[in-house]
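What follows is each chain in one-letter form.
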Amino acid sequence: MASLHRVAITGIGLVSSLGEGVEPHRAALKSGAPPVVDTQAFAPYPVHVMAPLELEKQIPKKSDQRQMEPWQRIGVYAAGLALDDAGLKGDAAALDRLEMFVAAGGGERDHQVDDAIVNGLRTAADPAAFLNERLMKDLRPTLFLAQLPNLLAGNISIVHGVTGGSCSFMGEEQAGVDALRLAVGRIASGQSDTILVGAAYNAERRDMLLLLAAGGNLRKEPSFAPVFAPERGGMITGSVGAFLLLEAAELAAKRGARVRAEIAGVRAGRARREQGAVASEFRRLIGALGSFGANSLGLSAASGVAPWSGEEREAAADALAHAPIHASGDVLGHAMEAAFPAAVALAAAMIDAGDAKEALVTGAGHWRGEGAAKLIAPGR
Amino acid sequence: MSTHRDKFGRPVVAVTGLGIVTSLGQGRDDNWKGLTAGRSGVHAINRFSTVGLRTTVAGTVDFLPRGDGSSPELSEQLATLAADEAITMSGLGRKGDFPGELFMAVPPVEVEWPDRLALAKASGREPADYDAMLAAAESGRFHVIHDRFMFGGVAERTAERFGTKGSPISLSTACSSGATAIQLGVEAIRRGETQVALAIGTDGSVQAESLIRFSLLSALSTQNDPPQEAAKPFSKNRDGFVMGEGAGALVLEDYDHALARGAAIIGIVAGCGEKGDGFHRTRSSPDGRPAILAMQAAIVDAGLVPDQIDYINAHGTSTPENDKMECMSCRAVFGERMSRLPISSNKSMVGHTLTAAGAVEAVFSLLTIAHGRLPPTINYKLPDPAIELDVVPNVARDAKVRAVLSNSFGFGGQNTCLVFTAEPVS
């Protein structure tokens, strides 16, 4: 790839069970304080539940709040934090040019409606007619707009005025990797100079737990266990919103923006999920990012699903020699599409705070996709 | 080897393979024949009961063998057929070993009613709530539900089947998704990340619930009788779009790479333009500014001026609002010339193929250039005096076409426009 421009992170928006902003997250990662996990609400599944948010701070209009489901509110909130952090909030001209790459899930269901219909279907004389009748009466038209993945970007456009154009990537964890990778590609090649990249995940949904449970991916003990602990036994999901403002380094310098870190490279892979294949795919991806110096740290967005998480860690550890590897899931929970962007946000915050000069961020999706990124302290 | 560059010094992106499936049939020949004959693929829905529904017609694809009946499965099947045709045409790679990256527009999916019902029954509880279904899901007997309904699943399996390289990309930009897939493929080639890309848009998601969702937004035509006349873009009595299914696939290739291997070049993706709209979740800005800017950006990106566009493949959904807004925006871009510049809507025949539309219409745009024939807008019986356009009414006609602008506008403020041109590159 023709890399004409360095890519700077000039804004971070992070919100999770630990609250908002980078500081509580960085502190938790460094102190190893116990995470905020609800073991009752979705028992037997533990879930990192979102901290209470004052939505008005980022989504002033109640009418806008009502038009969104939780995952979109989380995302619009986090995007607003990133814009604030970058000093772009309210800069109409800059926002009208600002592009968005969003990794999105969506598909939130109305659980009450689903429960009522599924039971009605079991006894209905004419199930098809019953289904049509109930759906016509019970579906909220606005729910559809919360089910469309690209409506997170759509709501960011409406609420924050970001209208340079947007692209929404689907595909669980890897969508977060690819959104970042292609955004970096656009800026590095000079096609764009600013892109808002990120994702949101609402873990407090039985519909999503259902899908993950069907795949046998969830930890089923009502207690927390660290991502890389042998007893982890699967994912503990967490509600997270994570957005990054990426900017060509020259532009950041010109407008005097504070650069928290630079992204030196992002790689994405697709290993066949067989024993050992994920580790070797990560070795290839990490190798392509170049070497890591003594003052480095690792941040893993691993899901906790074996054996892939362990293979990811093994490859990262090899590349980092003795550097510490933090699991973002230990403080945030696993946040699917938002997992990788959130890990990059944490790595940038740690570099910004002087915890390290370089960071390797890795993430193996719970069933597909591998991603790796290299962050470095800002150049002069 | 000569090195061709566009006006901005970037590699030129050629199209060397096309594949398509719609309600008009499977493959380029059947589709082009149907499209230029003014045939409609819209029909009464028989996939599910339409009792109690306001809309009972769609351009579903019903001629393929049905598997489990789920949307992701049909979407994958349609994509496979289109991709297979496109790759075969391009002559690239070997079976199961496509030498480039995959950019795929796939419809968002959710667990469907038959699966929910199966989980509820398997729970042994009555009534069964989500917790009961969750307990059933843990049995290990429903692994297929996970793999089928994960958003990345269709592209993952498509990548596996065709042996594409790199991380397969799944995109969703509502009704412009297909155009976005092509746009990102073009960008990857221009950046030199890959010399070849497979861009696909697919949608096989016409189900009772998906139809009802659009119906509750009053987006669909309710003029069900006769079905083939429900989609009537630009007509005064248009009353909504008709859902359609299909897939379009394009093999995108660095022009020099294609020349070097002596490939037949179908056309060039010369320009891509996009603009967001923060006006409303489903409605476009009343002044049409985002659509205007997206069209202008695509034309500029192609290194052209508006006068060089010979034909517009319209978004043309047949909703009262889209067609009016599109007409107004085209007038702003093309000025006085818009009265004479032909613009037609494929959706009058294949319905709105939603996630696939941008790719399906890209295939039709390139076939328009290749055949020198403009597909019509059918069902144009009652012109709308507020929309004065040459919509190529009802009957196809021959025309020399060197550059086509293809429009895609979607919910959530998505506006993506593409410009296709004939070879050779100027």
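Rules behind the numbers
- Residues numbered from 1 in each chain as written.
- Chains lettered and ligands numbered in written order.
- Predicted model: local features only at pLDDT ≥ 70, side-chain atom pairs only at ≥ 80, totals over all residues.
- Heavy atoms only, no water.
- Helix = DSSP H or I, 4+ residues; strand = E, 2+ residues; numbered from the N terminus.
- Contact = heavy atoms within 4.5 Å.
- Areas by Shrake-Rupley, 256 points an atom, 1.4 Å probe, with all protein chains shown as cover.
- Rg over C-alpha atoms; globule rule 2.2 N^0.38 Å.
- Buried < 20%, exposed > 50% of the residue type's maximum accessible area, 1.4 Å probe, protein only.
- Lys, Arg positive; Asp, Glu negative; His and termini not counted.
- Charge placed at Lys NZ, Arg CZ, Asp CG, Glu CD.
- Pairing = 2+ DSSP bridges.
- Domains from an automatic or database assignment.
- Buried area = accessible area lost by both parts, 1.4 Å probe.
- Salt bridge = Lys/Arg side-chain N within 4 Å of Asp/Glu carboxyl O.
- Polar contact = N/O pair within 3.5 Å; in protein donor to acceptor, adjacent residues only side chain to side chain.
- Nonpolar A, V, L, I, M, F, W, Y, C, P; charged D, E, K, R; others polar.
- Core = buried A, V, L, I, M, F, W, Y, C linked by side-chain atoms within 4.5 Å.
- Phe/Tyr/Trp six-rings, centres within 6.5 Å; stacked < 30°, edge-to-face > 60°.
- Lys NZ or Arg CZ within 6 Å of the ring centre and 35° of its normal.
- Disulfide = S-S within 2.5 Å.

*Asks:* Is there a simple way to think about the overall build of chain B in this case?
*Replies:* Check the secondary structure of chain B and you find 13 helices and 15 strands. Along the first, second and third principal axes, the C-alpha set of chain B runs to 70 × 55 × 40 Å. In chain B, of all internal contacts separated by at least 6 residues, the share reaching a separation of at least 24 is 78%. Total accessible area on chain B is roughly 13,600 Å²; 52% of this is exposed by carbon and sulfur atoms.

*Asks:* How do you make sense of the overall build of chain A when you look at a structure like this?
*Replies:* Helix and strand counts for chain A come out as 15 helices and 14 strands. Here chain A has a C-alpha radius of gyration of 20 Å; the compact-globule value for 380 residues is 21 Å, and the two agree. Seen through its principal axes, chain A has C-alpha atoms that stretch 70 × 50 × 35 Å. Counting every position in chain A, which comprises 380 residues, the buried fraction comes to 66%. Excluding contacts between residues fewer than 6 apart, the proportion of contacts in chain A whose partners are at least 24 apart in sequence is 79%. Entry remark: accessible area of chain A is about 12,200 Å², with carbon and sulfur atoms responsible for 52%. Computed over 37 positive and 42 negative side-chain charges, the inter-centroid distance for chain A is 2 Å.

*Asks:* Mind showing me how you'd approach the sheet that holds strand β3 (residues 37-38) of chain A here?
*Replies:* Each strand in a sheet pairs with its neighbour through backbone hydrogen bonds, running either in the same direction (parallel) or in the opposite one (antiparallel). In spatial order, the strands read β3-β4-β8 (chain A); together these three strands make up an open sheet with mixed pairing. Only two strands of the sheet have a single neighbouring strand rather than two, namely β3 and β8 (237-238) of chain A.

*Asks:* Sorry, what's going on with the pairing of strand β13 (residues 358-364) of chain A here?
*Replies:* As a general feature of sheets, a regular strand has side chains that alternate between the two faces. Residue and element names in this part refer to chain A. Burial within β13 is extensive, with seven of its seven residues counted as buried. Two elements, strand β11 (residues 296-300) and β13, share five bridges in a ladder whose sense is parallel. Counted as the bridge partner of Leu299 is Val361 from β13. With seven bridges joining them, β13 and strand β14 (residues 370-376) adopt antiparallel strand pairing. The partner of Thr362 across the bridge, within β14, is Ala372. Linking two consecutive strands that pair antiparallel, namely β13 and β14, is a turn of five residues; a positive phi of about 90° is found at Gly369 within it.

*Asks:* Teacher, can you tell me more about the domain arrangement of chain B here?
*Replies:* Where interface size is quoted, it is often the accessible area lost as the parts come together. The domain boundaries assigned to chain B delineate domain 1 (14-109 + 151-421) and domain 2 (113-147). The distance between the C-alpha centroids of domain 1 of chain B and domain 2 of chain B comes to 37 Å.

*Asks:* What is the right way to look at the interface of chain B and chain A in this model?
*Replies:* On the chain A side, the residues contacting the 79 residues of chain B number 78 residues. Taken over both partners, the interface formed by chain B and chain A buries close to 7,000 Å², and the fraction arising from carbon and sulfur atoms is 61%. Across the contact surface, chain B and chain A share 15 salt bridges. Across the pair Arg289(B) and Asp96(A) runs a salt bridge, and its minimum N-O distance is 2.8 Å. Here chain B is connected to chain A by 38 residue pairs in polar contact (both at pLDDT 80 or more). Those elements giving two or more residues to the side of chain B that touches chain A turn out to be β5 (101-105), α3 (113-123), α4 (130-137), α5 (143-149), α6 (153-162), β6 (165-171), α7 (177-190) and α8 (208-216) of chain B. The biggest single contributor to the side of chain B that touches chain A is α8(B), with seven residues. In the side of chain B that touches chain A, the residues fall into 35 nonpolar, 21 polar and 23 charged. Across two bridges, strand β6 (residues 166-170) of chain A lies against β6(B) in antiparallel orientation. Within β6(B), the position partnered with Phe169(A) by the bridge is Leu171(B).

*Asks:* Would you explain the pattern of salt bridges in this entry?
*Replies:* Two side chains that carry opposite charge are able to pair once their charged atoms sit near each other. In total, this model carries 63 salt bridges over all chains according to the counting rule given. Where Glu156(B) meets Arg270(A), a salt bridge forms, and the shortest distance between an N and an O atom there is 3.1 Å. Placement of Glu156(B) in helix α6 and of Arg270(A) in the loop between β10 (261-269) and α12 (277-287) is noted, with the two residues assigned to different chains. The residue Lys381(B) makes a salt bridge to Glu229(B) at a minimum N-O spacing of 3.0 Å. In this pair, Lys381(B) is assigned in the loop between β12 (373-374) and β13 (397-398) and Glu229(B) in the loop between α8 and β8 (246-254), connecting sequence segments 152 residues apart. A residue is classified by how much of its surface remains accessible, and Lys381(B), at 59% relative accessible area, is exposed. Since its relative accessible area comes to 31%, Glu229(B) is described here as partly exposed. Taken together, the salt bridges that share partners define one network made up of Glu99(A), Arg186(A), Glu187(B), Arg191(B), Glu193(B) and Glu274(B).

*Asks:* What am I meant to see in the nonpolar core here?
*Replies:* When a protein is soluble and globular, its nonpolar side chains tend to lie buried together. The biggest cluster of nonpolar side chains holds 209 residues, and the ones touching the most others in it are Phe169(A), Leu180(A), Leu246(A), Leu375(A), Leu250(B) and Leu252(B). The element best represented in this core is helix α15 (residues 339-352) of chain A, accounting for twelve residues. With sequence-adjacent residues up to four places away left out, Leu375(A) is seen in contact with Ile9(A), Ala261(A), Glu262(A), Ile263(A), Val344(A), Ala347(A), Ala348(A), Ile351(A), Lys357(A), Glu358(A), Ala359(A) and Val361(A). With 37 residues, the next largest nonpolar core counts Ala263(B), Ala314(B), Ile343(B) and Val391(B) among its residues.

*Asks:* Teacher, can you tell me more about α3(B) here?
*Replies:* Because an α-helix completes one turn every 3.6 residues, residues spaced three or four positions apart along the sequence face the same direction. For α3(B), every residue scored as buried is listed here: Trp113(B), Asp115(B), Arg116(B), Leu117(B), Leu119(B), Ala120(B) and Ser123(B). Those residues of α3(B) that are buried lie in contact with α5 (111-123), α6 (127-138) and α10 (206-214) of chain A together with α4, α5 and α8 of chain B. Gly124(B) sits one or two residues past α3(B) and shows a positive phi near 70°.

*Asks:* Any chance you could explain the packing of aromatic side chains here in plain terms?
*Replies:* How two aromatic rings sit relative to each other is set out by the distance from centre to centre and by the angle between their planes. As enumerated under the stated definition, the model contains four aromatic pairs over all chains in all. A ring pair is formed by Phe214(B) and Phe411(B), whose centres lie 6.3 Å apart and whose planes are at 50°; its orientation type is tilted. Here Phe214(B), found in helix α8, pairs with Phe411(B), found in the loop between β14 (403-410) and β15 (414-421); they are 197 residues apart in sequence, far enough to count as distant. Across the pair, Phe411(B) and Phe214(B) agree in class, each one buried. In textbook terms, an aromatic cluster arises when at least three aromatic residues are bridged by ring pairs, as seen for Phe144(A), Phe214(B), Phe241(B) and Phe411(B). When the ring centre of Phe292(A) is taken as origin, the NZ or CZ atom of Lys374(A), which lies over that ring, is 4.8 Å away.

*Asks:* Explanation requested: the state of the cysteines in the structure shown.
*Replies:* Here a disulfide denotes one covalent bond, and it connects the sulfur atoms of two cysteines. Residue and element names in this part refer to chain B. A full pass over the atoms with the stated rule returns zero disulfides over all chains. The thiol sulfur of Cys175 is not disulfide-bonded, and the nearest other cysteine sulfur, from Cys417, lies at 14 Å. This cysteine, Cys272, is not joined by any disulfide, and Cys417 carries the nearest cysteine sulfur, 10 Å off. Taking the relative accessible area as the measure of exposure, Cys272 reaches 11% and is therefore buried.

*Asks:* What am I meant to see in the side chain of Asn379(B) here?
*Replies:* Residue and element names in this part refer to chain B. Note that Asn379 resides in the loop between β12 and β13. In this structure Asn379 comes out as buried when scored by relative accessible area, which is 11%. Contact partners of Asn379, with chain neighbours within four places excluded, come to Gln228, Glu229, Ala230, Ala231, Lys232, Ser235, Ser348 and Asn394.

*Asks:* Please explain the side chain of Glu172(A) as it appears in this structure.
*Replies:* By secondary structure assignment, the location of Glu172(A) is in helix α9 (residues 172-188). Separated by 2.7 Å, the side chain of Glu172(A) and the backbone nitrogen of Phe151(B) make a polar contact. With near-sequence residues (within four places) excluded, Glu172(A) lies in contact with Met336(A), Glu337(A), His366(A), Trp367(A), Arg368(A), Met150(B), Phe151(B) and Gly152(B).

*Asks:* Please clarify how unusual backbone geometry should be interpreted in this entry.
*Replies:* For residues besides glycine, phi is generally negative; the peptide bonds are generally trans as well. Residue and element names in this part refer to chain A. Cis geometry marks the peptide bond from Ala43 to Pro44, where omega comes out at 10°. Mapped onto the elements of the fold, Pro44 is located in the loop between β3 and β4 (47-48). Pro307 follows Ala306 through a cis peptide bond whose omega is 0°. Along the chain, Pro307 turns up in the loop between β11 and α13 (308-320). If you check the backbone angles, Glu172 has positive phi at about 55° while not being a glycine. Residue classification places Glu172 among the buried residues on the basis of a relative accessible area of 2%. In this structure, Met336 is a non-glycine residue whose phi angle is positive, near 45°. Secondary-structure assignment places Met336 in the loop between α14 (328-332) and α15. When its relative accessible area of 0% is taken as the criterion, Met336 is described as buried.

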